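Below are the chains, spelled out letter by letter.
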Amino acid sequence: MAEKIKPERMRPEDYAPGESPMRRGATYVRREIVSKGVGFGSALAIAISFTTHQSILWAIIHGFFSWLYVIYYALTR
């Protein structure tokens with residue numbers, strides 16, 4: 001498998017005075033962490049809801065509200 005090459009990060013000090021990064025054709029790389037799927041709060045809410053109510057519809061609704069339902073459940077039980 002080919003290794004990914006990390007681009008060197010340029011700092012403002014690296015440019016000549018009055019020179020912009022766009023003029024040099026520099027490319028910026030932005031790191032992002034994308035979370036796909038169901039989060040822990042939603043999974044917990046769905047598990048609690050389905051165990052309690054035995055209903056997929058309620059599990060989906062409670063999964064949408066996630067941590068609010070988990071806190072409600074913890075306070076009322």
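Here's a quick rundown of the structure.

**Re the packing of aromatic side chains**
Here is step 1 of the chain: What the rule picks out here adds up to four aromatic pairs.
Here is step 2 of the chain: Considering the side-chain rings of Phe40 and Trp67, the 6.0 Å spacing of their centres and the 45 degrees angle between planes classify their relative orientation as tilted. Within this pair, whereas Phe40 is found in helix H2 (residues 40-53), its partner Trp67 is found in helix H4 (residues 67-76), the two being separated by 27 residues in sequence.
Here is step 3 of the chain: By relative accessible area, which is 42% here, Trp67 ends up partly exposed.

**Structural notes on H2**
Here is step 1 of the chain: Taking 1.5 Å as the rise per residue, H2 with 14 residues should run 20 Å; its terminal C-alpha atoms sit 20 Å apart, in good agreement.
Here is step 2 of the chain: Within the sequence span of H2, burial applies to Gly41, Ser42, Ala45, Ile48 and Ser49. Angular distribution of buried residues about the axis of H2 spans 135 degrees; they occupy a single face of the element. Of the residues in H2, the exposed ones pointing more than 90 degrees away from the buried face are Phe40 and Thr51.
Here is step 3 of the chain: Along its buried surface, H2 packs onto helix H3 (56-65) and H4.
Here is step 4 of the chain: Remark: Gln54 follows H2 within two positions and exhibits a positive phi of approximately 55 degrees.

**What about the environment of Gln54?**
Here is step 1 of the chain: For Gln54, the position within the fold is in the loop between H2 and H3.
Here is step 2 of the chain: Separated by 3.4 Å, the side chain of Gln54 and the backbone oxygen of Thr51 make a polar contact.

The rules we used
One numbering rule holds for all chains: residues counted from 1, following each sequence as written. For a predicted model such as this one, the threshold for reporting local features is a pLDDT of at least 70, and the threshold for listing and counting side-chain atom pairs is 80 or more; totals across whole chains, interfaces and linings nevertheless cover every residue. The side-chain values count all of the structure's non-hydrogen atoms but skip hydrogen atoms and water molecules. Note on aromatic pairs: the rings of Phe, Tyr and Trp (six-membered ring only in Trp) are paired at centre separations within 6.5 Å, and the planes decide the class, stacked below 30 degrees, edge-to-face beyond 60, tilted for the rest. A run of H or I in DSSP becomes a helix once it reaches four residues, and a run of E becomes a strand once it reaches two; helices and strands are each numbered from the N terminus. Only protein chains enter the accessibility calculation, which uses a 1.4 Å probe; a residue whose area is less than 20% of its type maximum is buried, one above 50% is exposed, and one in between is partly exposed. To estimate how far a helix should reach, multiply one less than its number of residues by 1.5 Å. Read the arc as the range of directions from the helix axis to the C-beta atoms. Residue contacts follow a heavy-atom distance rule, with two residues in contact if any of their heavy atoms lie within 4.5 Å. We define a polar contact as two N or O atoms separated by no more than 3.5 Å, with the added condition that, inside protein, one atom must be a possible hydrogen donor and the other a possible acceptor, whereas residues neighbouring each other in sequence contribute only through side-chain atom pairs.

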